[in-house]
2 protein chains.
Amino acid sequence: MYSSHLLPSAGSAVPSVFDGPTEPLTLDCLFAGQPADKFAAGEGVFWEGDTASDICQIVEGCLRLYRILPDGRRAIMGFRFAGETLGLSCEGTYCYTAEAVTPVRLRRLSRARLRAMGEEVRPLQPLLLAKVFEEIRAARQHIIVLGQLGAEERTAHFLVSAARRTGADRRRPVTIELPMTRQDIADYLGLTIETVCRVLSKLKRDGLVALEGRHRIVLLRMTNLQHLAGEFDDAEPQAPTWTPAKWPH
Amino acid sequence: MYSSHLLPSAGSAVPSVFDGPTEPLTLDCLFAGQPADKFAAGEGVFWEGDTASDICQIVEGCLRLYRILPDGRRAIMGFRFAGETLGLSCEGTYCYTAEAVTPVRLRRLSRARLRAMGEEVRPLQPLLLAKVFEEIRAARQHIIVLGQLGAEERTAHFLVSAARRTGADRRRPVTIELPMTRQDIADYLGLTIETVCRVLSKLKRDGLVALEGRHRIVLLRMTNLQHLAGEFDDAEPQAPTWTPAKWPH
DNA sequence: CGGAAAATTGACTTACATCAAACTCAGTGG
DNA sequence: CCACTGAGTTTGATGTAAGTCAATTTTCCG
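Here's a quick rundown of the structure. (Residues numbered from 1 in each chain as written. Chains lettered and ligands numbered in written order. Predicted model: local features only at pLDDT ≥ 70, side-chain atom pairs only at ≥ 80, totals over all residues. Heavy atoms only, no water.)

With respect to the overall build of chain A
Phase 1 of the analysis: When you go through chain A residue by residue, the secondary structure sums to eight helices and 11 strands.
Phase 2 of the analysis: Taken over 249 residues, chain A has a buried fraction of 49%.
Phase 3 of the analysis: In chain A, the proportion of contacts linking residues at least 24 apart, taken out of those at least 6 apart, comes to 72%.
Phase 4 of the analysis: Of the roughly 11,500 Å² that chain A leaves accessible, carbon and sulfur atoms contribute 53%. (Helix = DSSP H or I, 4+ residues; strand = E, 2+ residues; numbered from the N terminus. Buried < 20%, exposed > 50% of the residue type's maximum accessible area, 1.4 Å probe, protein only. Contact = heavy atoms within 4.5 Å. Areas by Shrake-Rupley, 256 points an atom, 1.4 Å probe, with all protein chains shown as cover.)

Here's what the structure looks like:
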């Protein structure tokens, strides 16, 4: 019964098995009732290690999620924008710190409350689970970006996926807002701030993007950028040309 | 009720997910009835893009999980050893190829069947979910390794976590089996085979490890290795008593 | 405006990749 | 049993992408 949600049948992302009257039911509805907390730019929403008591949905603004390594390095795990949620795929304690990049308004929902709601509203489960899977997918993507791509490729990938997130159609000049600093981008991409700058300058020189102030970039040649980014995320099931490596004992 | 599984209350996660097979009720019981398929070294179990119809549990052997990028690069997402499962945190289609490193025996369980079982055996859900969360945790770990650590740190981290996976106690010389090739390790760590070799040679020269043949390594100085690896994963709230080193690699 | 923080650019360094041998084994067959 | 073989590994020489250090220049916010 309910387990069908945890084990979605092949096919569509959000399990359609128990859809019924789907329309008016999303997480938004649950969050809608909650009061909106406000945070100033630079303010922390929660910290790594805190008890993960709430799920949050951003009403407005942008957050950075990061961990600080023992030696002081900062690894940004991702950014969250209006409409997105955070805190769902943590067990027990938050596994990163969430900090406002811009002024942020967000709604909280305690796990206890969400749990209670989940019992009454059955189709809630697959929605939550879909978000968890989406996070895994994003994490795997990030692994490939960091492990395999060069500085230019990483940056192109970042821009393209930012554009994709806005929902803007692929066609022609897409303008994206990047409220975070260059340092944030660098810490996200595993590069230095200087390298990020140089790459952006190069992309500009090559006519692939236009820089409008610090926080707005126009992607002029999406196709080229996607190609630079590797395009490994899209469909295209590569023919498996594996080597018949054998076990050398 | 069941939603409490998807939204585990703060505090303890499901006890030691990664421990060896514990008696009472685990996935092992479900897999126990299934016949064991055999695969020769180098043989594929499933391919990226295949319909993710089964969950697999490895009875014996080692698998590598990877994706091939459009330009031919191979990104190894992870390895799986005896007792571990694969295919759980995929939606619809497998998101990587699974290939035997050594001869492998594994049991399959169709999602449909697992779903059916999940209805009868209630405590099954949290077990599955725990595995999903564990994968997220591992992916985040990998992101930090690839984004922030240098070659030596990455390699040390790989060794330490391999040791941890065997369940061997932290104390004193731990011998680990690494059935995969150096190339596999390189593709997993985002390095070249030469760099992996050089790092291992250096660790040997420094007396941190001993190399016994190609596929066995003795970790002589766990503490040093852990320190090299950054130690950012364990509990240990690391008092920041250390100088804010810059960006060494 | 004015000043400080952020971004950019340039000169130089370094860690890792690349290219190229040589070495090590484990499997095979004489 | 031992030489042959070839994949896998190791080591060395060299190249290069990205990091580091150090100025500027730009932006934006009071």
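Continuing now.
Regarding helix H7 (residues 193-205) of chain B
Residues and elements named next belong to chain B.
Phase 1 of the analysis: For H7, with 13 residues, the first-to-last C-alpha span of 18 Å sits near the 18 Å given by 1.5 Å per residue.
Phase 2 of the analysis: Those residues of H7 that fall on the buried side of the exposure criterion are Val-196, Val-199, Leu-200 and Leu-203. Each buried residue of H7 lies within a common arc of 100 degrees when the element is viewed along its axis, so the set occupies one face. Of the exposed residues in H7, the ones pointing more than 90 degrees away from its buried face are Arg-198 and Arg-205.
Phase 3 of the analysis: Those residues of H7 that are buried lie in contact with helix H5 (151-165), helix H6 (182-189), strand S10 (209-211), strand S11 (216-219) and helix H8 (222-229).
Phase 4 of the analysis: Of the residues trailing H7, Gly-207 is marked for its positive phi of about 80 degrees. (Expected span 1.5 Å × (residues − 1). Arc of directions from axis to C-beta.)

Digging into the sheet that holds strand S10 (residues 209-211) of chain A
All names here are of chain A.
Phase 1 of the analysis: Sheet architecture is open: three strands sit in the order S9-S11-S10, paired in antiparallel fashion. Of all the strands in the sheet, just strand S9 (174-177) and S10 have a single pairing partner and so form its edges. Shown here is a sheet whose adjacent strand axes are inclined to one another by a mean of 20 degrees, direction ignored.
Phase 2 of the analysis: The pairing of S10 with strand S11 (residues 216-219) spans three bridges and is classified as antiparallel. Within S11, the residue paired with Ala-210 across the bridge is Val-218.
Phase 3 of the analysis: Taken strand by strand, helix H7 (residues 193-205) contacts S10 and S11, and its axis lies near 120 degrees from that of S10. (Pairing = 2+ DSSP bridges. Axes fitted to C-alpha atoms, helices over the stretch in contact; angles between N-to-C directions.)

Quick word on the sheet that holds strand S4 (residues 62-68) of chain A
As a general point, the strands of a sheet are linked pairwise by backbone hydrogen bonds and lie either parallel or antiparallel.
Residue and element names in this part refer to chain A.
Phase 1 of the analysis: Read across the sheet, four strands follow the order S2-S7-S4-S5 without closing on themselves; strand pairing throughout is antiparallel. Either end of the sheet is taken by a strand with one partner, and the two such strands are strand S2 (44-46) and strand S5 (74-81). Strand-to-strand twist across the sheet, computed as the mean angle between neighbouring axes with direction ignored, equals 30 degrees.
Phase 2 of the analysis: In terms of strand pairing, S4 meets strand S7 (residues 97-100) through four bridges, oriented antiparallel. Each bridged residue has a counterpart across the sheet, and for Tyr-66 the counterpart in S7 is Thr-97.

Observations regarding the pairing of S5(A)
Phase 1 of the analysis: With seven of eight residues buried, S5(A) lies mostly within the body of the structure.
Phase 2 of the analysis: Taken together, S4(A) and the strand that follows it, S5(A), pair antiparallel across an intervening segment of five residues, in which Gly72(A) is found at a positive phi of about 105 degrees.

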